[in-house]
Amino acid sequence: MMMMITTQYAFWILLFFSISIASSSTIPSLGGIGTNYGRYSSNLGVPEIGINYGRYGSNLPPPEAIPSLVTSLSIKHVKTFDMDPRITTSFANTGITLSLCIPNDKIPILSTNLSEADSIIRTLILPYHKTTIITSISVGNEVSLLPQFSPHLVSAILNVHRAIKRYRLHKKIKVTTTHSLAILSRRFPPSTARFHGSIGESVLKPLVRFLMRTKSPLMVNVYPYLAYKQSFPSIPLDFALFQPTNGSSRRRMYRDPYSGVAYSNLFDIMMDSVDSAVKSLGLPKVPVVVSEIGWPSSEVAASLENARDFNQRLVEHLRGGWRKVPVYIFALFDEDQKTGATVEKHWGLLYGNGSKKFDLNISPPV
């Protein structure tokens, strides 16, 4: 997850001046939103709620204890940041799906060495895939804009896919990579969003074509909290939290001046920005999965109450009938060994010892 504050978020300042307040009954139908990711059906199901399992904590439960903790949250999909066999084994015969990640530093050699890709699949996938439900492999994490990795990214993904296909697992296990929203140079209004010119044609266009051909998802990390914080006080907090304003039934509303689509929350704006950027490359719809999303709990706006409200309202929003994108909440645990700002350590639904920080109803409707 990127916490870097950059000038690219300055565009959100314009959003403040464009948001009006309307009663929920006056907001037009939002059926026109998300025509790209809203129709995506994947191994996750539609829609499904997953969780990110990071391990930068000093007192975290062992991998063997994780499946029961995940199950206690009514979650059946887990995304990791490595390919640790101990973790893969711990999810055997649990019915919980697993999304794995090849470390960034493997990307250069994978781009030129098919045997390296074959070795990874042979040693870290083949022994486990019959008992553990592995749905996808991310080749690196948030590397699209990193010059030491981005030129090698698509070739590395192609080689990993070739290795998966050699063992006839390509229909079961999809190969992709995860992106931060920093890949967008323009995000507002959402209908005008564009990818950075340095990677649009050279990296993202061939990548999206590959994802379309293999029916694999474009995985994007979407953080309304970061957009809110990095443009403070331009974006109203309730707009980022899916909340009515001032405890009333009235919702803030933003209407894209070019598409005419109405938005009642920041998440939908960010998602449609990704959709528009893909279309700007002259490409049709591509499946999208939100690989990271959440709200921290360590400062004024990042309170326990706001973290609970955001995650609960996100779940309700996704299950509201028209929003169908699968998401992985960030994260399972608070991680006290993470570097950077203090807030980086407090994104978990659980404390590091495995106890719940707040109640959250993720159970699908009966």
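What comes next concerns the included structure. Computed from a predicted model, the values in this text were never measured in an experiment.

## Things to note about the overall build of the chain
- Counting its regular elements, the chain contains 11 helices and 13 strands.
- Looking at the chain as a whole, 59% of its 366 residues are labelled buried.
- Considering only contacts in the chain between residues 6 or more positions apart, those separated by 24 or more positions represent 76%.
- Of the roughly 14700 Å² of accessible surface on the chain, a fraction of 54% belongs to carbon and sulfur atoms.

## Describing the packing of helix H6 (residues 150-166) against helix H7 (residues 197-214)
- The N-to-C vectors of H6 and H7 enclose an angle of 15 degrees; their axes lie 9 Å apart at closest approach. Relative to H7, the element H6 lies roughly parallel. As for how H6 packs across H7, the hand of that crossing is left-handed. Contacts from Ser150, Leu153, Val154, Ile157, Leu158 and His161 in H6 reach Val203, Pro206, Leu207, Phe210, Arg213 and Thr214 in H7.
- For the contact of H6 with H7, the class distribution of residues is 8 nonpolar, 3 polar and 1 charged.

## Side note on the pairing of strand E6 (residues 174-180)
- Within E6, 7 of the 7 residues are buried, leaving the element largely enclosed by the surrounding structure.
- Alternating residues of E6 divide into Lys174, Thr176, Thr178 and Ser180 and Val175, Thr177 and His179, and every residue in both groups is buried.
- Where strand E5 (residues 133-141) meets E6, 4 bridges bridge the pair, whose relative direction is parallel. Its bridge partner lying in E6, Ser138 is registered against Thr176.
- Regarding the hand of the β-α-β motif, the stretch spanning E5, H6 and E6 is right-handed.
- Two strands pair when backbone bridges link them, and E6 and strand E9 (residues 218-221) are joined in this way by 3 bridges, in the parallel orientation. From the neighbouring strand, Thr178 faces E9, where its bridge partner is Met219.

## As for the pattern of salt bridges
- Under the criterion given, the structure shown has 13 salt bridges.
- Taken together, the salt bridges that share partners define one network made up of Arg55, Asp82 and Asp84.

## A few points about the pairing of strand E2 (residues 49-53)
- With 5 of 5 residues buried, E2 is to be regarded as a mostly interior element.
- Two elements, E2 and strand E13 (residues 327-329), share 3 bridges in a ladder whose sense is parallel. From the neighbouring strand, Ile49 faces E13, where its bridge partner is Val327.
- The parallel pair E2 and strand E3 (residues 77-80), bridged by helix H2 (residues 66-72), forms a crossover whose chirality is right-handed.

## Observations regarding unusual backbone geometry
- A cis amide bond, omega -10 degrees, links Phe188 with the succeeding residue Pro189.
- Secondary-structure assignment places Pro189 in the loop between strand E7 (184-186) and strand E8 (194-195).
- The omega torsion across Phe330 and Ala331 is 10 degrees, close enough to zero to call that bond cis.
- The backbone phi angle of Asn93 is positive, close to 60 degrees, even though this residue is not glycine.
- For Asn93, the location among the structural elements is in the loop between helix H3 (85-90) and strand E4 (97-102).
- On the accessibility criterion, Asn93 (66% relative accessible area) is exposed.
- One non-glycine residue, Glu142, lies in positive phi territory at about 55 degrees.

Rules and cut-offs
- Throughout, a residue's number is its position along its own chain's written sequence, starting from 1.
- Only residues with pLDDT of at least 70 are given local features in this predicted model, and only at 80 or more are side-chain atom pairs given and counted; all residues enter the totals for whole chains, interfaces and linings.
- Only heavy atoms go into the side-chain values, all of them from the structure, while hydrogens and water stay out.
- Helix and strand definitions here come from DSSP, where helices need a minimum of 4 consecutive H or I residues and strands a minimum of 2 consecutive E residues; each element is numbered from the N-terminal end.
- Using a 1.4 Å probe on the protein chains alone, a residue whose accessible area is under 20% of its type maximum counts as buried, one over 50% counts as exposed, and one in between counts as partly exposed.
- Two residues qualify as a contact provided that any one of their heavy atoms is within 4.5 Å of a heavy atom in the partner residue.
- For the area figures, the Shrake-Rupley method with a 1.4 Å probe applies, and any residue is considered shielded solely by the protein chains shown.
- Angular values range over 0 to 180 degrees, each being the angle between N-to-C directions of two axes fitted as lines to C-alpha atoms, with helices fitted over their stretch in contact.
- Angle categories are assigned with fixed cut-offs, so that under 35 degrees is roughly parallel, over 145 is roughly antiparallel, 65 to 115 is roughly perpendicular, and the rest are oblique.
- Note: crossing handedness is left-handed where the near helix turns anticlockwise from the far helix by less than a right angle, and right-handed where it turns clockwise.
- Nonpolar residues are Ala, Val, Leu, Ile, Met, Phe, Trp, Tyr, Cys and Pro. Charged residues are Asp, Glu, Lys and Arg, and all others, Gly as well, are polar.
- Here, a strand pair is defined by DSSP locating no fewer than two bridges between the strands.
- Seen with the strands pointing away from the viewer, any crossover whose path from the first strand over the helix to the second strand runs clockwise is right-handed.
- Think of a salt bridge as a Lys or Arg side-chain nitrogen and an Asp or Glu carboxyl oxygen that are within 4 Å of each other.

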